[in-house]
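A look at the structure
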Amino acid sequence: MTAIHQMSQSRKAAASGWIGSALEYYDFFIYATAASLIFPQIFFPSENPTVAIVASLATYGVGYVARPIGAFVLGHWGDTHGRKTVLIICMFLMGISTMAVGILPTYQQVGMLAPILLVILRLVQGFAVAGEISGASSMILEHAPFGRRGFYASFALQGVQAGQILAAAIFLPLAAYMPTEAFNSWGWRIPFLLSFFVIVAGYIIRREVDETPAFARERGETPRAPIVQAIKLSWRDMLRVICMALMNVIPVVATIFGAAYAVQPAYGIGFAKDVYLWIPVLGNMLAVFVIPFVGNLSDKVGRKPPIIVGALLSGLLAFCYLYAISIRNVPLAILVSLLMWGVVYQGYNAIFPSFYPELFPTRTRVSAMAISQNVGTTITALLPALFATVAPPGSTNIPLTVGAIAFAITVIAALAALTARETYRIRIDDLGNPNAVPMPRADYDRQRAGDAVSGAAAVRT
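Residues numbered from 1 in each chain as written. Predicted model: local features only at pLDDT ≥ 70, side-chain atom pairs only at ≥ 80, totals over all residues. Heavy atoms only, no water.

On to the overall build of the protein chain. When helices and strands are counted, the protein chain shows 24 helices and zero strands. For the protein chain, the C-alpha radius of gyration of 21 Å lies close to 23 Å, the compact-globule estimate for 461 residues. Dimensions of the protein chain, computed from C-alpha atoms along their principal axes, come out at roughly 65 × 40 × 40 Å. With 461 residues in all, the protein chain has 59% of them scored as buried. In the protein chain, the share of contacts with a sequence separation of at least 24, taken over all contacts with a separation of at least 6, comes to 85%. Summing over all exposed atoms, the protein chain offers an accessible surface of approximately 16700 Å²; the carbon and sulfur share of this is 70%. If you average the places of the 31 positive and of the 22 negative side-chain charges in the protein chain, the two averages end up 3 Å apart. (Helix = DSSP H or I, 4+ residues; strand = E, 2+ residues; numbered from the N terminus. Rg over C-alpha atoms; globule rule 2.2 N^0.38 Å. Buried < 20%, exposed > 50% of the residue type's maximum accessible area, 1.4 Å probe, protein only. Contact = heavy atoms within 4.5 Å. Areas by Shrake-Rupley, 256 points an atom, 1.4 Å probe, with all protein chains shown as cover. Lys, Arg positive; Asp, Glu negative; His and termini not counted. Charge placed at Lys NZ, Arg CZ, Asp CG, Glu CD.)

What follows deals with the pattern of salt bridges. In the structure shown here, the tally under the stated rule is 11 salt bridges. With its nearest N and O atoms 3.1 Å apart, the salt bridge here joins aspartate 79 to arginine 83. The class for aspartate 79 is buried, based on a relative accessible area of 1%. The buried category is assigned to arginine 83, whose relative accessible area is 0%. Taken together, the shared-partner salt bridges in this structure form one network comprising Asp79, Arg83, Glu142 and Arg365. (Salt bridge = Lys/Arg side-chain N within 4 Å of Asp/Glu carboxyl O.)

Another aspect to go through is the environment of glycine 394. Following the sequence through the fold, glycine 394 ends up in the loop between α22 (383–390) and α23 (398–419). Assessed through its relative accessible area of 74%, glycine 394 is described here as exposed. Sequence separation between glycine 394 and tyrosine 267 is 127 residues, and the spatial gap between their C-alpha atoms is 6.6 Å.

A grouping of Phe92, Ile96, Trp186, Ile190, Leu194, Phe196, Phe197, Val200, Tyr203 and Ile204 is seen on the molecular surface, where their side chains present a nonpolar patch of about 910 Å² in accessible area. Of all the secondary structure elements, the ones that give two or more residues to the nonpolar patch are α5 (83–101) and α12 (196–206). In terms of residues, the nonpolar patch owes the most to one element, α12, which gives five residues. Considering the arrangement of structural elements, one finds phenylalanine 196 in helix α12. (Patch = residues over 30% accessible without salt bridge, like charges linked within 9 Å, V, L, I, M, F, W, Y side chains within 5 Å.)

The pLDDT averaged across the protein chain works out to 85; a share of 91% of its residues lies at or above 70. Across the protein chain, the secondary-structure element scoring lowest on mean pLDDT is helix α3 (residues 49–65), at 69, and the one scoring highest is helix α20 (residues 352–358), at 96. (pLDDT = per-residue confidence, 0-100.)

Time to look at the side chain of threonine 106. Along the polypeptide, threonine 106 turns up in the loop between α5 and α6 (107–110). We classify threonine 106 as buried; its relative accessible area is 10%. Those residues in contact with threonine 106 that sit more than four places away from it in its chain are Ile42, Phe43, Gly111, Ala114 and Arg189.

Quick look at the structure:
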């Protein structure tokens, strides 16, 4: 493989991860937005608004329940059939299930069948998304040039943020300019039906990327049961990833519970829907610029420092964010969101696509990352309903109650990162080996600088 060809594949892999993640997480997050803003009224009617809110947010969590199952199935597929194949499968499953949500009948039309169908489709969504980040991160990482794994892998998460921006950008004009009755009747369906383009665009993009050299080298030695081998050999690092993945509590606070707290009439805050939607949008817009910077920084200082700092500071800022909502201060809520979600949280968010797969060997990488990451995020997906239960409408000290839980979880994530080994100077064929010796810092910096100047991306890292 020539240096020019490998550099081309490195860029194609990063572009595929970016665009594929953007398209897939567009699907995932339009559901999250609708679950907070629309679904309580049309799928879970109840004389008790608290019941409707909790039930709707619980369906958001149901998608995460399917993620460990999807992680087992899709992780196995990614380690035995290749990263490229599993990413195409994820795209089709997500696109079709999201389109189907857009044609569901409401509770008023078919009664209990409506929420049942909604839950089934949410399970398919959760199953599909379970393989996306682990597959995309592994593909980009294994194609990345020397000393640039953190920077290149960060584009998978930059795509996730872009997908969230797109999801909210579709909802913003609809919520702002459509009459409420029309929006609740049929306008909310438009973003879901647009997923048709996810299927077409995603397939065209992902078929252009070659399978990774690292997977090709290991293909003859691929274990029949990579999941079993991953648990047997890497259970300690899998446990660390589960704990670090609890950082998903921050987007839960920012975009799920925060939306319900700010917008739902039962809480009495009274943020307009279109105004609140700007809060995560602006945070994500900032994150798009911050992510590659932090990813590049991790190639210089290591993966652990940004994760630990990002975890602790974003947990502290969760208190401030919810307090700003509680006092109905929109400018303050936006400012804190920019700091918490757009900047500080990215210390974790930009790094995990390189750090997680670097903890595992090639032959079990997708399975180990997919299972452990999705178990962690599944735990946090139960939090919106928990938050709405322990801090229901009418209760006092909501920011303190929810903020304390969020901060405690981020402390657990930071401690897990602290106990993990540093990986950024370990060669790719040695990743996953607890006894691997990192390249000396001086040699690493010299070779990384030389490759950056010469463009000799064919060096195996």
